[in-house]
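Listed below, chain by chain, are the residues.
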Amino acid sequence: IEGRTSADAWINEVMDCPKWAAGIVIGRGGRTLQGIERDTGTKINVHDKDSGPSVRIEIEGSGGNVARAREVLQHLISTVEEDYESTTTLDFPRSAVGYLFGKQGSTIKKLQSDTRTKMIVDKDFDPCRVTIR
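Residues numbered from 1 in each chain as written. Predicted model: local features only at pLDDT ≥ 70, side-chain atom pairs only at ≥ 80, totals over all residues. Heavy atoms only, no water.

A. The packing of aromatic side chains, seen in detail. Going through the model one piece at a time under the given rule, you end up with zero aromatic pairs. The cationic tip of Arg129 hangs over the ring face of Phe125; the distance from NZ or CZ to the ring centre is 3.8 Å. (Phe/Tyr/Trp six-rings, centres within 6.5 Å; stacked < 30°, edge-to-face > 60°. Lys NZ or Arg CZ within 6 Å of the ring centre and 35° of its normal.)

What follows is the structure, given as structure tokens:
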């Protein structure tokens, strides 16, 4: 088509993301990923079915938009990796996670406030993984 550039061509690109960073890239309820899709005009799918150390992120859209989405994702991942270096991960028995959270999250909120940290509880594992930043 006359007047179209290679940046306008529809492409599909795949990139890797460390599995431990995928939740932050996706965001609560997918909000972070949806925002990136909206801002870049792309469609992004995260494939985490493999048991390896990383997940596949598939980006679809025009060449320029895919490049922009890739840059945003790479920046987000590198920021998360910098934060990851100053984190501690603990194993916590799944049966005791309720005690960590407390009534309506009061215990974990107080711990975070008192220690000026952020605690992320990944209940997909047993024992659960508690990441403290």
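Resuming the write-up.
B. Region of interest: the sheet that holds strand β1 (residues 10–18). Read from one edge of the open sheet, three strands run β1-β3-β2, paired in antiparallel fashion. Edge strands, defined here as strands with exactly one partner in the open sheet, are β1 and β2 (43–47). Taken over all neighbouring pairs, the strand axes of this sheet differ in orientation by 20 degrees on average, direction set aside. When β1 meets strand β3 (residues 54–62), the two strands line up antiparallel, connected through nine bridges. What sits directly across from Met15, in β3, is Ile57. Where helix α1 (residues 19–26) meets the sheet, its contacts fall on β1, β2 and β3, and the angle it forms with β1 comes to roughly 125 degrees. (Pairing = 2+ DSSP bridges. Helix = DSSP H or I, 4+ residues; strand = E, 2+ residues; numbered from the N terminus. Axes fitted to C-alpha atoms, helices over the stretch in contact; angles between N-to-C directions. Contact = heavy atoms within 4.5 Å.)

In short, shape yes, function no, at least from these values alone.
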